Amino acid sequence: MIELKNVSKSYGKTTVLQNISFTVNPGEFVCITGPSGAGKSTLLHLLTGAETVTKGSIEIDGVNLNIVPPGALQIFRQRLGIVFQDYKLLKNRTIAENIAFPLEVCGVPDSDIAKRVRTVLKLVELTKHADSLPSEISGGEKARAAVGRAVVHDPMIILADEPTGNIDPNQSKTILNLFNEIHASGTTIILATHDTALVDALNTRVIELSDGAIVRDSVGGYKGKKPKAEKHDILEEDADEGNDKKKKVKVTAIS
Ligand code: ADP
């Protein structure tokens, strides 16, 4: 179980997350959403232990991240699978070697690594690119390789930061199916995205952030409605039904 209690995060005088509290049960699939700058990545960084809270506490499967010593944090991280926003694939390693990496860190024997990597390459449909370097594959393939590397060691929790941020809608659909497949096997998934279409398609629990605070925690997508969390002011004409006098109103839109 993941439990955040009154978590705030500040950088100097800037408060990026304020008073965040929620619980995620094992096996849940949660989308963290909201516009660019809302605090999604920061929240994921806190969950990975890469950053520490300014106030409040985070406990994951009994590990209190506020007080965990560095050695134990390393071991705790082996329970996580992380898909980074820019994928962070190792440039000089092949796709198979990139996917193998977490298993090497966990000290898995070579013969088991080879078997597991073959299975994961198949899952993410990259078998034919096993020996390619990251520079030799497309954006969508890179995203799939990153998902493969995140799941290879069978983590309890997957944290994914904008996994479809740099790919076309068709590729996004493939990634979405992959996450659904991984979730069906019992893995907890926390996926940060500003992509409302993806949130609609997933139709999971949604925790929506706006300016670092939770403005929604409920199940379901947006279904064409504007999200509450909004960023840039724009002007839009609002045609009042039954009233032909049009008025200018201020609305906002996600970035
Ligand atoms: P999102 O992922 O929703 O786009 P982020 O978590 O990346 O949002 O950023 C939220 C806010 O925190 C932004 O205004 C960003 O500039 C600020 N921020 C993030 N990291 C730092 C940092 N290391 N130092 C100062 N400000 C930061």
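All of these numbers come straight from a predicted model, not from anything done at the bench.

A. Broad picture of the layout of surface pockets. Taken as a whole, the largest pocket spans an internal volume of roughly 660 Å³. As for the largest pocket, its lining consists of 25 residues, of which Arg77, Leu80, Ile82, Phe84 and Arg149 are closest to the centre. Counting residues per element, the ones that place at least two in the lining of the largest pocket are helix 1 (40-48), helix 2 (70-77), strand 6 (80-83), helix 3 (95-105), helix 5 (139-151) and strand 7 (157-161). By residue class, the composition of the lining of the largest pocket is 13 nonpolar, seven polar and five charged.

B. How the structure looks around the packing of aromatic side chains. Using the criterion set out here, one finds zero aromatic pairs in the structure. The ring of Phe84 is capped by Lys88, whose NZ or CZ atom sits 5.5 Å from the centre of that ring.

C. The environment of Gln85, seen in detail. Among the structural elements, Gln85 can be located in the loop between strand 6 and helix 3. Taking the C-alpha atoms as reference, Gln85 lies 8.5 Å from Ser41; in sequence the two are 44 residues apart. Not counting residues up to four positions away in its chain, the partners in contact with Gln85 are Ser41, Asp161, Glu162 and Asn166.

D. Region of interest: the site of the ligand. With respect to spatial proximity, the complete set of residues near the ligand consists of Tyr11, Val16, Pro35, Ser36, Gly37, Ala38, Gly39, Lys40, Ser41 and Thr42. Ala38 places a polar main-chain atom, nitrogen or oxygen, 3.1 Å from an oxygen atom of the ligand. Lys40 places a side-chain nitrogen or oxygen 2.8 Å from an oxygen atom of the ligand. The fraction of the free accessible surface of the ligand (560 Å²) that becomes covered by protein chains is 56%. Here the shell around the ligand is built from residues that sort into four nonpolar, five polar and one charged.

E. Expanded view of the nonpolar core. Counting residues in hydrophobic clusters, the biggest one holds 40 residues, and the most contacted among them are Ile99, Val117, Leu121, Val147, Phe179 and Leu191. Sorting the residues of this core by element identifies strand 3 (29-33), helix 3, helix 4 (110-123), helix 5, strand 7, helix 6 (169-184), strand 8 (188-193) and helix 7 (196-202) as the ones contributing at least two each. The element contributing the most residues to this core is helix 5, with six residues. When neighbours within four sequence positions are excluded, Leu121 is seen to be in contact with Ile95, Ala96, Ile99, Leu126, Thr127 and Ala130. Formed by 31 residues, the second largest nonpolar core is a distinct cluster that contains Leu17, Ile32, Leu65 and Ile207.

F. The packing of helix 3 against helix 5, seen in detail. At their nearest, the axes of helix 3 and helix 5 sit 7 Å apart, and the two run at 30° to each other. Regarding the angle of helix 3 to helix 5, the classification is roughly parallel. Here helix 3 and helix 5 pass one another in a crossing that is right-handed. In this structure, helix 3 uses Ile95, Asn98, Ile99 and Pro102 to contact helix 5, whose residues at the interface are Ala145, Gly148 and Arg149. A per-class count over the contact of helix 3 with helix 5 returns four nonpolar, two polar and one charged.

Parameters at a glance
- Residues numbered from 1 in each chain as written.
- Predicted model: local features only at pLDDT ≥ 70, side-chain atom pairs only at ≥ 80, totals over all residues.
- Heavy atoms only, no water.
- 1 Å grid on protein atoms, 1.4 Å probe; cavity = no way out; pocket = protein on both sides within 12 Å on 5 of 7 lines; lining within 4 Å.
- Points joined across faces, edges and corners; volume = space filled by probe spheres on them.
- Helix = DSSP H or I, 4+ residues; strand = E, 2+ residues; numbered from the N terminus.
- Nonpolar A, V, L, I, M, F, W, Y, C, P; charged D, E, K, R; others polar.
- Phe/Tyr/Trp six-rings, centres within 6.5 Å; stacked < 30°, edge-to-face > 60°.
- Lys NZ or Arg CZ within 6 Å of the ring centre and 35° of its normal.
- Contact = heavy atoms within 4.5 Å.
- Near = heavy atom within 4 Å.
- Polar contact = N/O pair within 3.5 Å; in protein donor to acceptor, adjacent residues only side chain to side chain.
- Areas by Shrake-Rupley, 256 points an atom, 1.4 Å probe, with all protein chains shown as cover.
- Core = buried A, V, L, I, M, F, W, Y, C linked by side-chain atoms within 4.5 Å.
- Buried < 20%, exposed > 50% of the residue type's maximum accessible area, 1.4 Å probe, protein only.
- Axes fitted to C-alpha atoms, helices over the stretch in contact; angles between N-to-C directions.
- Parallel < 35°, antiparallel > 145°, perpendicular 65-115°, else oblique.
- Left-handed = near helix turned anticlockwise from the far one by under 90°.

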